[in-house]
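Residue-level listing of the chains:
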Amino acid sequence: MTVKAKAVRHLITMDDLTNDEIIMILEEAKSFKEVLGRDIKKVPALRGKTVVLLFFEASTRTKISFELAAKRLSADVVNFSASTSSLKKSESLKDTVRTLEAMAADVFVMRHSYPGSAQLVAKYIKGAVLNGGDGAHSHPTQALLDMYTIYEKKGGFKGLKVAIIGDIKHSRVVRSNIEGLTRLGAEVVLCGPSTLLPRYIEKFNVSVTYNVEEAITDADVVMGLRIQFERQKQGLLPTILEYAQFFQINRERLSLAKPDVLLMHPGPINRGVEIESEVADSVYSVIDEQVTNGVAVRMSLLYFLVGGKDE
Ligand code: CP
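None of the values given here were measured: they were computed from a predicted structure.

**Quick notes on the pairing of strand β3 (residues 107–112)**
Remember that side chains alternate between the two faces of the sheet whenever the strand is regular.
Okay, so step 1: The buried fraction of β3 amounts to six of the six residues, a majority that puts the element mostly inside the structure.
Okay, so step 2: Neither face of β3 is exposed, since V107, V109 and R111 on one face and F108, M110 and H112 on the opposite face are all buried.
Okay, so step 3: As paired strands, strand β1 (residues 50–55) and β3 are joined by five bridges and run parallel to one another. Residue pairing in the sheet places V51 in a bridge with V107 of β3.
Okay, so step 4: Note: β3 against strand β4 (residues 128–134), five bridges, orientation parallel.

This is the structure in structure tokens:
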């Protein structure tokens with residue numbers, strides 16, 4: 001019997017996965033979460049594979065959880081440091097990734113400030129590219145771990161009201177979550193100041209309100225988004241104090257949601273800005289669980305995309 005190499009699959013946006021594949025990855029993540037609870041948190045699924053972490057933008061959660069996920073699957077992991085690489089000697093992105101591939105890298109996990117950068121790298125190399133965030137475009141693995149957290153707690157997505165509040169304009173997380181959640185039947189309501197809501201966003205099968213109480217009322221999930229000061233070139237907010245006054249998720253506002261509401265945030269949080277600090281640490285908060293689930297979900301994704309062989 002001939003054994004063919006598995007066809008290369010990338011994850012650039014949620015469009016790269018079918019609905020069935022999303023559910024399969026979430027289901028498989030349950031088993032990987034169980035592995036992570038063992039004394040020996042390691043399985044041989046990616047033995048012999050090399051995963052390169054290519055982060056051109058800051059990250060704590062995505063980078064470290066991909067590193068842990070790959071190591072728990074027994075892959076070799078290389079951390080590429082942009083600031084000490086030959087990029088500093090004007091080497092191009094294309095030559096950089098082709099150089100890494102020439103050293104037998106199989107998987108490239110990439111974060112870059114340029115929207116479309118992961119798609120571009122996928123054209124240059126034969127290995128798999130997993131997008132860890134490209135500008136304000138897409139962050140599919142964050143959406144998968146957010147969806148896993150909801151799936152684990154609520155058992156599905158159909159009919160759930162998910163209110164997403166904050167800096168929608170600059171958020172790659174919201175774009176990927178809209179794609180995944182609406183395709184699986186959730187109702188997504190977006191809320192924020194008009195300057196932080198992109199025009200025509202309603203076309204993406206979501207509703208929009210500027211009234212935070214309306215957004216939160218009867219919600220099953222309330223997700224805060226960070227105000228991305230580093231991506232704001234013009235003054236889009238009068239002051240942070242006014243943002244908090246009108247849009248902050250605080251105890252009083254959260255009490256309008258369903259009693260078993262899940263409070264989520266992809267992190268990092270500006271405490272006291274998008275979420276009241278004590279609410280971020282309250283019983284409704286699953287923010288730390290999102291981080292924990294990120295490792296299991298990324299193990300599941302790596303296994304699904306690059307583990308094993310097709311016959
Ligand atoms: N949520 C997220 O992408 O966090 P990091 O920037 O820390 O990776």
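**Quick notes on the site of the ligand**
Okay, so step 1: For the ligand, the full set of nearby residues is S59, T60, R61, T62, R111, H139, Q142, P266 and G267.
Okay, so step 2: One of the backbone nitrogen or oxygen atoms of P266 is found 2.9 Å away from a nitrogen atom of the ligand.
Okay, so step 3: For the ligand, a nitrogen atom lies 3.2 Å from a polar atom in the backbone of G267.
Okay, so step 4: The protein chains hide 90% of the 260 Å² of surface that the ligand would expose on its own.
Okay, so step 5: For the ligand, the cavity whose grid points lie within 2 Å of the majority of its atoms is the largest pocket.
Okay, so step 6: Residues that form the shell around the ligand fall into these classes: one nonpolar, six polar and two charged.
Okay, so step 7: When residues of the shell around the ligand are assigned to domains, at least three map to each of domain 1 (14–138 + 291–307) and domain 2 (140–286).

**A word on the pairing of β1**
Okay, so step 1: Burial runs high along β1: six of the six residues are buried.
Okay, so step 2: Side-chain alternation along β1 places T50, V52 and L54 on one buried face and V51, L53 and F55 on a second face that is also buried.
Okay, so step 3: Sheet analysis places β1 next to strand β2 (residues 76–81), joined by six bridges and oriented parallel. Paired with T50 across the bridge in β2 is D76.
Okay, so step 4: After leaving β1, the chain enters helix α2 (residues 61–72) and then returns to the sheet as β2, a path that is right-handed.

**Some points on the domain arrangement of the protein**
Okay, so step 1: On domain assignment, one finds that the protein holds domain 1 (14–138 + 291–307) and domain 2 (140–286).
Okay, so step 2: Of note, the centres of domain 1 and domain 2, computed from C-alpha atoms alone, are 26 Å apart.
Okay, so step 3: With 30 residues of domain 1 at the interface, the matching set in domain 2 holds 26 residues.
Okay, so step 4: When domain 1 packs against domain 2, the two sides together hide about 2500 Å² of surface, and 59% of this comes from carbon and sulfur.
Okay, so step 5: On the domain 1 side of the interface with domain 2, the three residues burying the most area are M14, L26 and A136, jointly 26% of the side's total.
Okay, so step 6: Summed over the shared surface of domain 1 and domain 2, the result is three salt bridges.
Okay, so step 7: Between D15 and R183 there is a salt bridge, and its shortest N-O distance comes to 3.9 Å.
Okay, so step 8: Sorting the residues of the side of domain 1 that touches domain 2 by element identifies α1 (19–36), α2, β3, β4 and α11 (287–306) as the ones contributing at least two each.
Okay, so step 9: Ranked by the residues each element gives to the side of domain 1 that touches domain 2, the list is headed by α1, at eight residues.
Okay, so step 10: Within the side of domain 1 that touches domain 2, the residues separate by chemical class into 10 nonpolar, 11 polar and nine charged.

**Quick word on the nonpolar core**
Okay, so step 1: Ranked by internal contacts, the top residues of the largest apolar core, which has 62 residues, are L130, F157, I164, L190 and L302.
Okay, so step 2: When residues of this core are assigned to their parent elements, the largest contribution, nine residues, is made by α11.
Okay, so step 3: Per-domain counts for this core show at least three residues from each of domain 1 (14–138 + 291–307) and domain 2 (140–286).
Okay, so step 4: Excluding its chain neighbours within four sequence positions, the residues that come into contact with L130 are L11, F66, V107, F108, V109, M110, L301, L302 and L305.
Okay, so step 5: If you look at the next biggest cluster of nonpolar residues, it comprises 25 residues, including L196, V261, L263 and V273.

**Section: the side chain of S282**
Okay, so step 1: Summarising the element assignment, S282 is placed in the loop between α10 (277–280) and α11.
Okay, so step 2: Side-chain polar atoms of S282 contact the backbone oxygen of V279, separated by 2.7 Å.

**Quick look at the packing of aromatic side chains**
Okay, so step 1: With the rule as written, the count across this model stands at four aromatic pairs.
Okay, so step 2: Summarising the aromatic geometry, the rings of F32 and Y303 are spaced 5.8 Å apart at their centres and angled 65° between planes, so their arrangement reads as edge-to-face. With F32 in helix α1 and Y303 in helix α11, this residue pair connects regions lying 271 residues apart in the sequence.
Okay, so step 3: Its relative accessible area of 35% is what places Y303 among the partly exposed residues.
Okay, so step 4: Residues Y151 and F157 carry aromatic rings whose centres are separated by 5.8 Å and whose planes lie at 15° to one another, so their mutual orientation is stacked. In terms of burial, Y151 and F157 fall into one category: buried.
Okay, so step 5: Taking the ring centre of Y200 as reference, the NZ or CZ of K203 above it sits at 5.0 Å.

Scoring rules and cut-offs
- Residues numbered from 1 in each chain as written.
- Predicted model: local features only at pLDDT ≥ 70, side-chain atom pairs only at ≥ 80, totals over all residues.
- Heavy atoms only, no water.
- Buried < 20%, exposed > 50% of the residue type's maximum accessible area, 1.4 Å probe, protein only.
- Helix = DSSP H or I, 4+ residues; strand = E, 2+ residues; numbered from the N terminus.
- Pairing = 2+ DSSP bridges.
- Near = heavy atom within 4 Å.
- Polar contact = N/O pair within 3.5 Å; in protein donor to acceptor, adjacent residues only side chain to side chain.
- Areas by Shrake-Rupley, 256 points an atom, 1.4 Å probe, with all protein chains shown as cover.
- 1 Å grid on protein atoms, 1.4 Å probe; cavity = no way out; pocket = protein on both sides within 12 Å on 5 of 7 lines; lining within 4 Å.
- Sits in = over half its atoms within 2 Å of the grid points.
- Nonpolar A, V, L, I, M, F, W, Y, C, P; charged D, E, K, R; others polar.
- Domains from an automatic or database assignment.
- Right-handed = clockwise from strand over helix to strand, strands pointing away.
- Contact = heavy atoms within 4.5 Å.
- Buried area = accessible area lost by both parts, 1.4 Å probe.
- Salt bridge = Lys/Arg side-chain N within 4 Å of Asp/Glu carboxyl O.
- Core = buried A, V, L, I, M, F, W, Y, C linked by side-chain atoms within 4.5 Å.
- Phe/Tyr/Trp six-rings, centres within 6.5 Å; stacked < 30°, edge-to-face > 60°.
- Lys NZ or Arg CZ within 6 Å of the ring centre and 35° of its normal.

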